[in-house]
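So you can see what is in the structure, the chains are spelled out below.
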Amino acid sequence: MTGAAGTSIDELLLTADQLLSDPSVEASAAGRHRGASLALRTALEIAVDRTLDAATPGLAGITTRAKMLCLRCYTAATIARRANVVWSHLCLGCHYHQYEIGPTRDQVRSWRAEVSELVQELPR
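Note on numbering: residues in each chain are counted from 1, in written sequence order. Per-residue local features are limited, in this predicted model, to residues with pLDDT of at least 70; the limit for side-chain atom pairs, both in listing and counting, is 80 or more; totals at the level of whole chains, interfaces and linings are taken over all residues. Heavy atoms throughout the structure, all of them, feed into the side-chain values; hydrogens and water do not.

Q: Describe the overall build of the protein chain, listing the residues and the values that go with them.
A: Each helix is a run of DSSP H or I of at least 4 residues and each strand a run of E of at least 2, with the numbering of both proceeding from the N terminus. Summing up its helical and strand segments, the protein chain has 5 helices and 0 strands in all. In the protein chain, the order of α-helices and β-strands from amino to carboxyl end is α-α-α-α-α. In terms of C-alpha radius of gyration, the protein chain reaches 14 Å, essentially the compact-globule figure of 14 Å for 124 residues. Its C-alpha atoms give the protein chain principal-axis dimensions of roughly 40 × 30 × 25 Å. For this measure, only C-alpha atoms enter the radius of gyration; the expected value for a globule follows 2.2 Å times N^0.38, where N is the number of residues.

Structure follows, in structure tokens:
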């Protein structure tokens, strides 16, 4: 899903905002929260890809988990750690399991704020 053609980080952040705040979206609250989580995760993945590609072209073929590990070599350790933590939470928030309650609106809003900050802080 990373690097979706024609999709920008700003569009993904806007999609997450709309899913969280627009009750006219025809989906359950849990569905909107999961959808917003997916948009946020994709935005973060694109930002990480952009950072790594600028530093070392050719890393696009590795897994996102590996990219998160590589990120600490190309940015401040605190930024890399924050990106890894929020990415992990977003991964959990995207997936549906019958035995789990999905992410709450407040959780997704806090992830949205963190992704927005990280997108600005990650080198381009």
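Q: So what's going on with the pattern of salt bridges? Which residues, and what values?
A: Close approach of charged atoms allows side chains with opposite charge to pair. The term salt bridge refers to a side-chain nitrogen of Lys or Arg lying within 4 Å of a carboxyl oxygen of Asp or Glu. What the rule picks out here adds up to 6 salt bridges. As a salt-bridge pair, Asp49 and Lys67 come within 2.8 Å of each other at their nearest N and O atoms. Of this pair, Asp49 sits in helix H2 (residues 29-55) while Lys67 sits in helix H3 (residues 64-71); the two residues are 18 residues apart in sequence, bridging distant segments of the chain. The burial state of Asp49 is the same as that of Lys67; both residues are buried. If you follow the salt bridges from partner to partner, you end up with Arg82, Glu114, Glu117 and Glu121 in one network. Under the scheme applied here, a residue whose accessible area is under 20% of the maximum for its type counts as buried, over 50% as exposed, and between as partly exposed, the area being computed with a 1.4 Å probe on protein chains only.

Q: So what's going on with the packing of helix H4 (residues 77-94) against helix H5 (residues 105-121)? Residues and values would help.
A: A fitted line through C-alpha atoms serves as each axis, taken over the contacting stretch for helices, and the angle formed by two N-to-C directions is quoted from 0 to 180°. Two elements in contact, H4 and H5, have axes whose closest approach is 10 Å; the angle formed by their N-to-C orientations is 140°. Relative to H5, the element H4 lies oblique. For the pair H4 and H5, the sense of crossing is left-handed. Contact residues: H4 offers Ile79, Arg82, Ala83, Val86, His89, Leu90 and Gly93, while H5 offers Trp111, Glu114, Val115, Glu117, Leu118 and Glu121. Note on angle classes: values under 35 degrees are labelled roughly parallel, values over 145 roughly antiparallel, values of 65 to 115 roughly perpendicular, and the remainder oblique. Take the far helix as your reference; a near helix turned counterclockwise from it by less than a right angle gives a left-handed crossing, and one turned clockwise gives a right-handed crossing. The contact rule is simple, with two residues in contact once any of their heavy atoms fall within 4.5 Å.

Q: Any details on the nonpolar core? Residues and values, ideally.
A: Membership of the largest hydrophobic core comes to 31 residues, with the highest contact counts inside it found for Ile9, Leu40, Leu44, Val48, Leu71, Val86 and Val115. Among the secondary structure elements, those contributing two or more residues to this core are helix H1 (9-21), H2, H3, H4 and H5. The element contributing the most residues to this core is H2, with 9 residues. Filtering out sequence-adjacent residues up to four positions away, Leu44 remains in contact with Met68, Ala83, Val86, Trp87, Val115 and Leu118. Residues grouped as a nonpolar core are buried Ala, Val, Leu, Ile, Met, Phe, Trp, Tyr and Cys residues, joined through side-chain atoms within 4.5 Å.

Q: Mind laying out the environment of Val85, listing which residues take part and the relevant values?
A: Mapped onto the elements, Val85 comes out in helix H4. Val85 sits in the partly exposed class, given a relative accessible area of 44%. Considering only alpha carbons, one finds Val85 and Val119, 34 residues apart in sequence, at a separation of 14 Å.

Q: So what's going on with H4? Which residues, and what values?
A: Here the expected length of a helix is defined as 1.5 Å per residue gap, with one fewer gap than residues. Taking 1.5 Å per residue as the helical rise, H4 with its 18 residues ought to reach 26 Å, and the 26 Å between its terminal C-alpha atoms agrees with that figure. Those residues of H4 that sit buried are Ile79, Ala80, Ala83, Val86, Trp87, Leu90, Cys91, Gly93 and Cys94. For H4, the arc enclosing every buried residue in end-on projection is 155°, short of the 170-degree limit, so these residues lie on one face. Exposed side chains of H4 directed beyond 90 degrees from the buried face belong to Arg81 and Leu92. Close packing links the buried residues of H4 with H2, H3 and H5. Note that the arc is computed from the directions linking the helix axis to the C-beta atoms.

It is worth stressing that arrangement in space is one thing and function is another; only the former is reported here.
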